[in-house]
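# Examination of the molecular architecture
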Amino acid sequence: MRFLNDLLDLVLTELCAGCGVATGLLCRRCAAWLETPARRVTWPTSLPPGLPCPWTVAAYEGPVRSMLVAHKERGRTALARPLGAALARAVQAALSEPGSPRDPPTALVPVPSARSAVRQRGHDPTRRMTDAALRELRTTGLVRLDALRHRRRVADQAGLTAAERATNLKDALEPKRPLPGHRVVLVDDVITTGATLTEAARALTEAGATVIATATLATTPRRTHPPPTP
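Quick caveat, the model's predicted, so the values are computed rather than measured.

What counts and what doesn't
Note that residues are indexed from 1 along each chain, following the sequence as it is written. Owing to the predicted nature of the model, reporting of local features is limited to residues with pLDDT of at least 70; listing and counting of side-chain atom pairs is limited to 80 or more, with chain, interface and lining totals taken over all residues. As a rule here, side-chain values come from all non-hydrogen atoms in the structure, and water together with hydrogens is ignored. By the criteria applied, helices consist of DSSP H or I runs no shorter than four residues and strands consist of E runs no shorter than two, each listed in order from the N terminus. Throughout this description, buried means an accessible area under 20% of the type-specific maximum (1.4 Å probe, protein chains only), exposed means over 50%, and partly exposed covers the range between. For the purposes of these results, a polar contact is taken to be a pair of N or O atoms within 3.5 Å, where, inside protein, one atom must be able to donate a hydrogen and its partner to accept one; residues adjacent in sequence count only when each atom of the pair is a side-chain atom. When two cysteine sulfur atoms are found within 2.5 Å, that pair is recorded as a disulfide. The span one expects for a helix is its residue count, reduced by one, times 1.5 Å. Whenever a carboxyl oxygen of Asp or Glu lies within 4 Å of a side-chain nitrogen of Lys or Arg, that contact is scored as a salt bridge. The term nonpolar core refers to a set of buried residues drawn from Ala, Val, Leu, Ile, Met, Phe, Trp, Tyr and Cys, joined through side-chain atoms within 4.5 Å. We call two residues in contact when some of their heavy atoms are within 4.5 Å. At least two bridges found by DSSP between two strands are what make those strands a pair. Seen with its strands pointing away from the viewer, a crossover is right-handed if its path from the first strand over the helix to the second goes clockwise.

## Here's the deal with the side chain of Glu199
Along the chain, Glu199 falls in helix H8 (residues 195–206). On the accessibility criterion, Glu199 (7% relative accessible area) is buried. Reaching out from Glu199, the side chain makes a polar contact with the side chain of Arg202 at a distance of 2.7 Å.

This is the structure in structure tokens:
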């Protein structure tokens, strides 16, 4: 499956993953959508209970949405590098925020994909993006920590309300082992209602870890101001 994904990469990178018109992996115009400054995700009221401070880079729309779908569902694994570089900026912003804990985190914890999804796709897209982000963050000493796994199956989240997502994900994740003393940043590709990250943070906290912040590449536009058009 990995060989087939790599072979697919060679074929599909003829057209930009963002616009589908220009040649190459990403055209300059689409790549610019990943270069906006990292910022905190804002909610109309307060953060969802249990969600550590969330940071993101882009709005999940237009070329960014196309890039993430191409990386996740269409085997364009070479996109992990530019996507991971953007994710790294969200992590850096979380760590440099005034008032950040004096003791820095030691690891990035990716939200795991379901085993069935990994088999179908041939890779875990969030883990791949995390590895690319860590290459950008190599001077920080951070490492990837695969600390979570799915305890049970969950329904497709598409079309669910925030409350329905929270119910769907309740107790869906569990730690692979105790994590006392671990200080981590939780990472995922997209934040919509915060339900997935909240559930992941719960599982890590119950295992003894301290989740300093969460970082995503993108957020649904209704949760934050969209970036300026490149």
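## Considerations on the state of the cysteines
When the sulfur atoms of two cysteines share a covalent bond, that bond is a disulfide. If you walk through the whole model with that rule in mind, you get zero disulfides. As a non-bridged cysteine, Cys16 has Cys19 as the owner of its nearest cysteine sulfur, 3.7 Å distant. Overall, the relative accessible area of 2% leaves Cys16 in the buried class.

## Focus: H8
Under the 1.5 Å per step criterion, the end-to-end length of H8 is 17 Å for twelve residues, consistent within 8% with the ideal 16 Å. Turning to H8, its buried residues number three or more, namely Ala195, Leu197, Thr198, Glu199, Ala200, Ala201, Ala203 and Leu204. Just downstream of H8, Gly208 is the residue with a positive phi angle, here 105 degrees.

## Here's the deal with the pattern of salt bridges
Per the counting criterion, the structure on display carries nine salt bridges. The partner of Arg144 in a salt bridge is Asp131, with the nearest N and O atoms 2.8 Å apart. With Arg144 in strand S5 (residues 143–144) and Asp131 in helix H6 (residues 125–136), this residue pair connects regions lying 13 residues apart in the sequence. For Asp131, a relative accessible area of 27% translates into the label partly exposed. Note that Arg202 and Glu206 form a salt bridge whose closest N and O atoms lie 2.9 Å from each other. Linking Arg202 with Glu206, this pair stays in helix H8, spanning four residues, or about one helical turn. Salt bridges sharing common partners tie together Arg127, Asp131, Arg144 and Asp146.

## Digging into the nonpolar core
Leu26, Leu34, Leu68, Leu83 and Leu108 are the most contacted members of the largest nonpolar core, which has 39 residues in total. When contributions to this core are tallied by element, the ones reaching two or more residues are helix H2 (28–31), helix H3 (62–73), helix H4 (80–96), H6, strand S8 (183–191) and strand S9 (210–219). Of all the elements, H4 adds the most residues to this core, at eight residues. Aside from chain neighbours lying at most four places away, what touches Leu26 is Cys16, Ala17, Gly18, Ala31, Leu34, Met67, Leu79 and Pro82. Membership of the second largest hydrophobic core comes to 22 residues, among which are Ala147, Ala203, Ala207 and Val211.

## Side note on the pairing of S8
Counted residue by residue, S8 has nine buried out of nine residues, so it is predominantly covered. Note that strand S4 (residues 107–110) and S8 share four bridges and pair parallel. The partner of Leu108 across the bridge, within S8, is Val185. Judged from the eight bridges that link them, S8 and S9 form a sheet pairing that is parallel. Bridge pairing in S9 links Leu186 to Thr214. Regarding topology, H8 serves as the crossover connection from S8 to the parallel S9, and that connection is right-handed.

Function cannot be read off these values alone, since they describe shape.
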